[in-house]
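Analysis of the macromolecular model
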Amino acid sequence: AGDVETALAHGWIAFRETALEATDARAEMLLNLADVVRQAGEHRAALGACLTALELTDTPRLRLPALGTAALAAAQLGEGKLLAFLVREVKRAAGRSGQPFENARALVEVADACATLGFPEAGELLQRAESLAQSGRFHEVSALAERVHR
């Protein structure tokens, strides 16, 4: 409903009440919170949530979205060195994750981030994302890729 404050309050309560040893669940909650704050323009908070989620989990279906969202936030903050690191991490993770949707989504997000900062590899990353999206029929990712082309 667009109520960022309520979403954050409920998300934070859920995060705090989740057992410390439930690291994947906590990472996933942080990713949800990161998406909310990034969409609200709070890129530093989104980046912090993503980096914390990456510390909590080794699960590819969570790491790839964390890397993608972190890349988008880093680009908005003008953090070129961090973005370059995140691009390398996405390429490495996507090459061995076995998660085609998450791979495509992370690749399109880092392509978008690279385009924002004028990184030359944006086109190559976008092509990889589009190829995965087409072969997997991931229409959401195709729509995101189309937006990056504009």
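Cut-offs applied
- Residues numbered from 1 in each chain as written.
- Predicted model: local features only at pLDDT ≥ 70, side-chain atom pairs only at ≥ 80, totals over all residues.
- Heavy atoms only, no water.
- Salt bridge = Lys/Arg side-chain N within 4 Å of Asp/Glu carboxyl O.
- Helix = DSSP H or I, 4+ residues; strand = E, 2+ residues; numbered from the N terminus.
- Buried < 20%, exposed > 50% of the residue type's maximum accessible area, 1.4 Å probe, protein only.
- 1 Å grid on protein atoms, 1.4 Å probe; cavity = no way out; pocket = protein on both sides within 12 Å on 5 of 7 lines; lining within 4 Å.
- Points joined across faces, edges and corners; volume = space filled by probe spheres on them.
- Nonpolar A, V, L, I, M, F, W, Y, C, P; charged D, E, K, R; others polar.

1. Topic: the pattern of salt bridges
Tallying each qualifying case throughout the model produces eight salt bridges. Glutamate 79 serves as the salt-bridge partner of arginine 44, at 3.7 Å between the closest nitrogen and oxygen. Here arginine 44 is found in helix H3 (residues 43-56), whereas its partner glutamate 79 is found in the loop between helix H4 (60-76) and helix H5 (80-94), with 35 residues between them in sequence. For glutamate 79, a relative accessible area of 30% puts it in the partly exposed group. The partner of lysine 91 in a salt bridge is glutamate 124, with the nearest N and O atoms 3.8 Å apart. A residue pair is termed long-range when its members are at least 10 positions apart, and lysine 91 in helix H5 and glutamate 124 in helix H7 (residues 122-136) qualify at 33 residues. Each of the salt bridges in this network shares a partner with another, and the network as a whole consists of Arg105, Glu109 and Glu140.

2. Quick notes on unusual backbone geometry
The phi angle at arginine 137 is positive, at roughly 55°, despite the residue not being glycine. Mapped onto the elements of the fold, arginine 137 is located in the loop between H7 and helix H8 (139-149).

3. Details of the layout of surface pockets
Reported here for the largest pocket is a volume of approximately 310 Å³. In this structure, the largest pocket is lined by 14 residues; those nearest its centre are Leu31, Asn32, Pro65, Thr69 and Arg105. Of all the secondary structure elements, the ones that give two or more residues to the lining of the largest pocket are helix H2 (23-39), H4 and helix H6 (100-117). Space inside the second largest pocket adds up to approximately 180 Å³. Around the second largest pocket, the lining comprises 13 residues; the ones closest to its centre are Arg38, Leu72, Glu109, Asp112 and Arg147. Counting residues per element, the ones that place at least two in the lining of the second largest pocket are H4, H6 and H8. Of the residues forming the lining of the second largest pocket, the biggest block, five residues, is contributed by H6. Classifying every residue of the lining of the second largest pocket gives five nonpolar, three polar and five charged.

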